[in-house]
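Results of the structural survey
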Amino acid sequence: MVHLLMLGVVSHSIIVWGQHFADALLRSRCPSSRAWQTRRLMLLHAGILLLVVAIPARWWWPTLAGAVAVGAAVAWHGVDLARQVRRALPTRFRFSVLYYLAACACLPVGAGLGAALGYEETGHFQSQTTHARLVVAHTSLNLLGWVGLTVLGTLALLWPTMLRTQLIDGVERWTRRALPVLAAGVSTTALAPALNLRALAVAGLAVYLLAALAVIGQLGRLAWRKPPGHFSTLSVGAGMLWLLTGLAWALLRSVTSPGWEEMAEHYAGLTVSLVVGFAVQVLFGALSYLLPSVLGGGPTLVRAGLARTGRWGLGRVLVVNLGLVVCLAPVPSWVRVTCSLLVFVALAAFLPLALRAIVAGIRAKRAAAALEDPRDTPPSPIPERPSWGQALAAVLALALAAGLGVALDPAAAGLGTRPSSNATPTGHTTTVAITMRNMRFEPAEVLVPLGDRLVLEVVNADPGQVHDLVLQGGTTSGRLGPGQRARVDAGVVSADLDGWCSVAGHRQMGMVLRVRTVGPGQAAAPSATPHAMPMPHSMPGDPATTDPTAALGPAREASLPPPPESRLHQITLPVTEQTMEVAPGVRQQRWTFGGTAPGPLLHGRVGDRFEITLINNGTMGHSVDFHAGALAPDEPMRTIAPGETLTYRFTATRAGIWMYHCSTMPMALHIANGMFSAVIIDPPELDPVAREYVLVQSEVYPGTEQTGSDYAAVTGEHPRFVVFNGTADQYAAHPLPVPVGQRVRVWVLNAGPNRGSAFHVVGGQFDTVYKEGAYLLRRGGPSGVGGSQVLDLAPAQGGFVELTFPEAGHYPFVSHLMVDAERGAHGILEAR
């Protein structure tokens, strides 16, 4: 929509009317014929059509072709203007055409940056910082350069004409002086991202704002002498205010932004205010004046045209501007939807009014030409003057639209019943800062003295995610976009309160907040919250419900130790029953090999001999089955009773990652209760790597701490958690470190007992994939450019992947069976 509006509507008007003004100001004709000017517009619109189709579809070559076509059309327009300036005699208002030339220099470069953004969006390279820097440069050149310079250069002469007042010397002088400063500001802001100098971008934006303020300040002097009274002047005047406001807001937020990503987010807000508030309002306001004037026919017909384009002018301007303020404010999403629809209607009303004015003007001009005596021309309508009735109607329309939005989602607007307050108010207010990040509230628990009034200062720091905070009883922050803030007044707290994010699925993913009361006079304190990548672990009513405020203990060591020097591996595996943590705040009885679930990791080479002593210290029969050995299962895999011992011997004859597990029936229950692990037998000539990790995926079906797994859930294949190395979330709370630019190998075994695995590293690509004893892909293979995204494993299958990490950052790893990732099969590889 932004490209359709800015290129299809605004850019077309800039080229057409820019050429019209250049012809008038230079008192010369365009060097190109009308036929070639038409071809130029056809090239522009062909490029726009390609862009509006290719950008959403992420088609790189059509996006590039569209950007080239648009840039070429504008460059062609600029070349004609330069030829026209060089041929024309010096004129007083030649400086306005120089603004057009500077603007034409901006768009081709901005279009090229837009093509680079399209290239990035297709996934050819992925870097949030690079993307953000491209956004800043692209927005600066296209909005501030192409549109901003053109509008400022035009309004210096058009604004006094629209107000029907004389041009004062200050306007002309300051506009001449401002051009090089504005051009320097745009150039600096656009060049700074390439140099990775964010402070320079902020300085360029400040320079541009000061120069724009100087020009618009002089135009404001004219408005003070002759206040705007028609839709055209009201709309253009409001557009100039939006330009200054948007620039000031973007500058303020850019100064406080910690990095390019946050600065790009603020530029997104700048885009909304400049596209709708500035560019569209200025365009429609100027056209409502220009169209009747260009049609001609004398002052009478011009006034008639102005009267038709200015119908309900004040009301339309108020609806657009007040509605835009509402849409940019942190209001509930339905309020934003209803008000934005009303803004759209107010803007779209210009089109039928303009068409009506054109048709009426043409007819009146023909009728006047047919009159023998021009004095017989009928009186023209008188343009409307601003009225309080229109203002009141606009405010009421917006109030009704906002009321409709509240009615569609009352909880998001804070309407609901709060818990009754039986506590004696203390008169004290407790204020707590709440940050929304990584699908969590931080802190996730707030302690507040009984009887205190609680105020929550909420900020959404989750890039790309919309969140809200809804407290028990309906009090809410409303939907907050990235970087937005809200103040939530929970009132006097007389009992514990629960809060959550009401966006679909976010509450189930652990985005909950707890307000807990403490004795009067005790200091309020937030609870510590571990840094984690939360995912849903249970549904309402499940017997195992995670506590999102619970801190996980130390994560299980995932690094693969080197194989021992001895070729004989003698291992003792005592079977025990222990209560262990399987997810934040959830504990379950586990049946273990060697006191851990999964059991000990074994590592050897082809030809190594293994001698395993199984000691059953449990309360029921158990056994062990090593997939790494090939032998008749009758004796070594038999079930032994509590107190008995069994010796299991085998020789590793084949490489791979092999599962071992208890094979006592019901086997699914024994595996689900933790009786499994892995034996890694290195393939010959294994390439060296900087880090090597082992992840064993399994399912958890918790019942209670005393009973272990819920067998009905096991047989029904309804896991509550799917985990790596025994515990949900542990490698999100405690990321695994990896070096930037060096090779990393990750061994993966799917222990099941029931679910498949689709191991994937977000932001990473595998250049080596080894599965079930064979390389599916190997670095340096025949093509040299092949890659893989997923290692797919059925229960009991295993393999490894190798990859490098191109830049520092957090690379989540998941099972791409996404419901299992959301059950806990996820973690983070932290490249540094």
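For the structure, check the block above.
In this text the structure is predicted, and so the values were computed from the model without any measurement. (Residues numbered from 1 in each chain as written. Predicted model: local features only at pLDDT ≥ 70, side-chain atom pairs only at ≥ 80, totals over all residues. Heavy atoms only, no water.)

Moving on, we come to the pattern of salt bridges. Applying the stated criterion to the full structure yields 22 salt bridges. With a closest N to O distance of 4.0 Å, Arg516 and Asp496 form a salt bridge. Of this pair, Arg516 sits in strand S8 (residues 512-518) while Asp496 sits in the loop between strand S6 (485-492) and strand S7 (497-500), and the two are 20 residues apart along the sequence. A residue is classified by how much of its surface remains accessible, and Arg516, at 19% relative accessible area, is buried. (Salt bridge = Lys/Arg side-chain N within 4 Å of Asp/Glu carboxyl O. Helix = DSSP H or I, 4+ residues; strand = E, 2+ residues; numbered from the N terminus. Buried < 20%, exposed > 50% of the residue type's maximum accessible area, 1.4 Å probe, protein only.)

Sheet strands pair by backbone hydrogen bonding; their relative direction is either parallel or antiparallel. With mixed pairing, 6 strands are arranged side by side in an open sheet as S21-S18-S23-S28-S25-S26. On the outer flanks of this sheet lie strand S21 (721-724) and strand S26 (774-777), each paired with one strand and no other. Within this sheet the neighbouring strands show an average axis-to-axis angle of 20°, counted without direction. Two strands pair when backbone bridges link them, and strand S18 (residues 691-700) and S21 are joined in this way by 4 bridges, in the antiparallel orientation. Looking across to S21, one finds that Glu699 is bridged to Val722. (Pairing = 2+ DSSP bridges. Axes fitted to C-alpha atoms, helices over the stretch in contact; angles between N-to-C directions.)

This next bit is on the sheet that holds strand S16 (residues 656-661). Strand order in this open sheet of 4 strands is S12-S17-S16-S14, and the pairing throughout is mixed. Looking at the sheet topology across the chains shown, the edges are occupied by strand S12 (602-605) and strand S14 (625-626). Note: S14 against S16, 2 bridges, orientation antiparallel. In the strand pairing of S16, Phe626 is matched with Tyr660.

Sheet analysis places strand S5 (residues 470-471) next to S7, joined by 2 bridges and oriented antiparallel. Each bridged residue has a counterpart across the sheet, and for Val470 the counterpart in S7 is Trp500. Of the strand pairs in this sheet, S7 and S8 are connected by 4 bridges, and their pairing is antiparallel. Within S8, the residue paired with Gly499 across the bridge is Leu513.

This part covers the pairing of strand S13 (residues 609-616). Consecutive residues of a regular strand have side chains that alternate between opposite faces of the sheet. Where burial is concerned, the two faces of S13 differ: the one with Phe610, Ile612, Leu614 and Asn616 is buried and the one with Arg609, Glu611, Thr613 and Ile615 is not. Where strand S10 (residues 568-583) lies against S13, 8 bridges are found, and the strand directions are parallel. What sits directly across from Pro574, in S13, is Ile615. As paired elements, S13 and strand S15 (residues 645-651) share 7 bridges and run antiparallel to each other. By the bridge assignment for S15, Leu614 is matched with Leu646.

Here we come to the nonpolar core. The biggest cluster of nonpolar side chains holds 106 residues, and the ones touching the most others in it are Tyr99, Trp146, Leu152, Leu182 and Phe278. The dominant element in this core, judged by the number of residues it contributes, is helix H5 (residues 128-163), at 19 residues. Counting residues in each nonpolar core, the second largest holds 28 residues, with Ile571, Ile612, Ile640 and Ala652 among its members. (Core = buried A, V, L, I, M, F, W, Y, C linked by side-chain atoms within 4.5 Å.)

A surface patch of nonpolar side chains, amounting to about 460 Å² of accessible area, comprises Trp334, Val337, Leu341, Leu404 and Leu408. Elements that contribute at least two residues to the nonpolar patch include exactly helix H12 (333-348) and helix H14 (388-408). Examining the composition of the nonpolar patch, we find that 3 residues originate from one element, H12, more than from any other. Here Leu408 is to be found in helix H14. (Patch = residues over 30% accessible without salt bridge, like charges linked within 9 Å, V, L, I, M, F, W, Y side chains within 5 Å. Areas by Shrake-Rupley, 256 points an atom, 1.4 Å probe, with all protein chains shown as cover.)

The subject of this paragraph is the packing of aromatic side chains. Taken as a whole and judged by the stated rule, the model has 20 aromatic pairs. With centroids separated by 4.8 Å and ring planes inclined at 10°, the aromatic side chains of Tyr770 and Phe800 adopt a geometry described as stacked. Placement of Tyr770 in strand S25 (residues 768-771) and of Phe800 in strand S28 (residues 798-803) is noted, with a sequence separation of 30 residues between them. You can call Tyr770 buried: its relative accessible area is 3%. Given the relative accessible area of 0%, Phe800 is considered buried. Taken together, a centroid distance of 4.8 Å and an interplanar angle of 65° make the contact between Phe805 and Tyr811 edge-to-face. Its guanidinium or amino end placed over the ring of Phe231, Arg316 lies 3.9 Å from that ring's centre, counting from NZ or CZ. (Phe/Tyr/Trp six-rings, centres within 6.5 Å; stacked < 30°, edge-to-face > 60°. Lys NZ or Arg CZ within 6 Å of the ring centre and 35° of its normal.)

By themselves, these observations are geometric and do not establish any function.
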